[in-house]
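Coordinates in review
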Amino acid sequence: MDNYQSQLLLNRHRRAVRYPGFLGGRISGGNGSSKLQVQGGVGDCALFDFTSGLFAVSDGSDRDPSASRHFMLMFSKILKQLMRAPAGTIFSSAEISAIKEILAAESERLLCSMPFGAGCTFTGVLLLRMAEGVASIVMHTGDSLLINCDLSNSEACQFTRDNFWLVGRSQRFFQIEMLPVSCSTRLVLATDGLRGLSFPAAPDRDKYFIDLLKKYGPEEIPDMILIDDGPPAPGRDDASLIVINPFALVYLPHCVMLGGTDLHEESLFKEERSRGVMADKYAPVSSSDKFLTV
């Protein structure tokens, strides 16, 4: 069995992804939210593009929950066209800077082409190999967030800045910045549904993440935070969460998309899950599955 087949795991029942030591991600429907009661879809979306090293979360608008998925697909396609170097290429600092500038120009072109009103947030990180380690380029707009966790000094802080610039209503990302990372860095990407969750006793949310990251691998944490067992808390929003160890970066011939569903897609998913079509277990992704949506 190929290495990536034994490592990249997908749980369709939970809408969750794991790659031990590298990352974990999960979508929670939060079906107590008013948005889901009205629209029926899950606007929160998570993208795992292992071919280019792009990992991102997005929150679709109430009017069009699937706008998040549509934007993710378009952005991923553009990135593939720009990143013509083979996966795993070692880039120089100058090349990384050039990629950042190209991303700024191309993302602006894409945002300007989006129809007004098809709004969604976007917070993503592009991980690229360098001789010195790993470079990360953060792209962000809206109120989704990226928390930068440093296990060496037990500090965590939100790197992104909340704003009202949404895809479909702005002509560029609010932030496109380099984020220095080291072997002690862990990155947490989440939609605003994270803010509505209750956390166990800890000085604050960020300190809670530090405590978890010191005890568990990044692949385990989303399942600890986004728990769907039992009835949802009143007014609970849907949420998307990705936890990454950037220095464990792995390139694979797979792209996985979670969430970003409309009413029909979500109804079908819930019906199949209730019938037990999707077992609640993590299974290796087949080498033939290049693109998966759940």
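For the structure itself, consult the block above.
Residues numbered from 1 in each chain as written. Predicted model: local features only at pLDDT ≥ 70, side-chain atom pairs only at ≥ 80, totals over all residues. Heavy atoms only, no water.

**Some details on the pattern of salt bridges**
- Inspection of the entire model under this criterion finds 14 salt bridges.
- Residue Glu265 pairs with Arg69 through a salt bridge whose shortest N-O separation is 3.6 Å. Residue Glu265 is found in helix 7 (residues 263-274), and its partner Arg69 is found in helix 3 (residues 67-82); the two are separated by 196 residues along the sequence.
- What makes Glu265 partly exposed here is its relative accessible area of 31%.
- A residue is classified by how much of its surface remains accessible, and Arg69, at 12% relative accessible area, is buried.
- Across the salt bridge formed by Asp206 and Arg205, the nearest N and O atoms sit 3.0 Å from each other.
- Each member of the salt-bridge network shares a partner with another, and the members are Arg14, Arg18, Arg26, Asp223 and Asp280. (Salt bridge = Lys/Arg side-chain N within 4 Å of Asp/Glu carboxyl O. Helix = DSSP H or I, 4+ residues; strand = E, 2+ residues; numbered from the N terminus. Buried < 20%, exposed > 50% of the residue type's maximum accessible area, 1.4 Å probe, protein only.)

**Describing helix 5 (residues 205-215)**
- Listing the buried residues of helix 5 in full gives Asp206, Tyr208, Phe209, Ile210, Leu212 and Leu213.
- Of the surrounding secondary structure, the elements contacted by the buried residues of helix 5 are strand 9 (145-150), strand 10 (155-158), strand 12 (185-190), helix 6 (221-225) and strand 13 (239-244).
- Capping of helix 5 at its N-terminal end is provided by Asp204; its side-chain oxygen lies 3.2 Å from the backbone amide nitrogen of Asp206. (Contact = heavy atoms within 4.5 Å. Polar contact = N/O pair within 3.5 Å; in protein donor to acceptor, adjacent residues only side chain to side chain.)

**Remarks on the environment of Ala67**
- Among the secondary structure elements, Ala67 is positioned in helix 3.
- Of the residues examined, Ala67 reaches a relative accessible area of 4% and is grouped as buried.
- Between the C-alpha atom of Ala67 and that of Gln171, which follows or precedes it by 104 residues, the distance is 16 Å.
- Among all residues touching Ala67, those that are not within four sequence positions of it are Ala118, Gly119 and Cys120.

**Quick look at unusual backbone geometry**
- With a phi angle near 55 degrees, Arg15 is a residue other than glycine that sits in the positive phi range.
- Here Arg15 is to be found in the loop between strand 1 (9-11) and strand 2 (16-19).
- Phi at Ser154 is positive, roughly 60 degrees, even though this residue is not glycine.
- Note that Ser154 resides in the loop between strand 9 and strand 10.
- With a relative accessible area of 28%, Ser154 lands in the partly exposed category.

**Focus: the packing of aromatic side chains**
- For the coordinates displayed, the defined rule picks out 11 aromatic pairs.
- Ring centres of Phe22 and Phe55 lie 5.6 Å apart, and the angle between their planes is 85 degrees; on these two criteria the pair is classed as edge-to-face. Note that Phe22 is positioned in the loop between strand 2 and strand 3 (23-28) and Phe55 in strand 5 (residues 54-59), a separation of 33 residues in sequence.
- Judged by centre distance (6.4 Å) and plane angle (90 degrees), the ring pair of Phe71 and Phe173 falls under edge-to-face. Placement of Phe71 in helix 3 and of Phe173 in the loop between strand 10 and strand 11 (175-178) is noted, with a sequence separation of 102 residues between them.
- Taking relative accessible area as the criterion, Phe173 reaches 3% and is therefore assigned buried.
- Site record: aromatic cluster; members linked through ring pairs are Tyr19, Phe22, Phe50 and Phe55.
- Sitting over the ring of Phe269, Arg15 keeps its end group 4.0 Å from the ring centre. (Phe/Tyr/Trp six-rings, centres within 6.5 Å; stacked < 30°, edge-to-face > 60°. Lys NZ or Arg CZ within 6 Å of the ring centre and 35° of its normal.)

**Overview of the nonpolar core**
- Formed by 65 residues in total, the largest nonpolar core has its most connected members in Phe22, Phe48, Phe55, Phe71 and Ile244.
- Ranked by residues supplied to this core, first place goes to strand 7 (residues 122-130) with 6 residues.
- Ignoring anything within four residues of it in the chain, the contact list for Phe22 reads Phe50, Phe55, Leu127, Pro218, Val243, Ile244, Asn245, Ala248, Leu249 and Val250.
- Ile147, Phe209, Ile210 and Leu212 belong to the second-largest nonpolar core, a separate cluster that totals 19 residues. (Core = buried A, V, L, I, M, F, W, Y, C linked by side-chain atoms within 4.5 Å.)

**Comments concerning the pairing of strand 3**
- Burial analysis of strand 3 places 6 of its 6 residues in the buried class, which makes it a mostly covered element.
- Residues Leu23, Gly25 and Ile27 point to one face of strand 3 and Gly24, Arg26 and Ser28 to the other, with burial holding for every one of them.
- Summarising the sheet, strand 2 and strand 3 pair through 4 bridges and their orientation is antiparallel. Across the sheet, Tyr19 pairs through a bridge with Leu23, a residue of strand 3.
- The pairing of strand 3 with strand 13 spans 6 bridges and is antiparallel. If you follow Ser28 over to strand 13, its bridge partner there is Ala239. (Pairing = 2+ DSSP bridges.)

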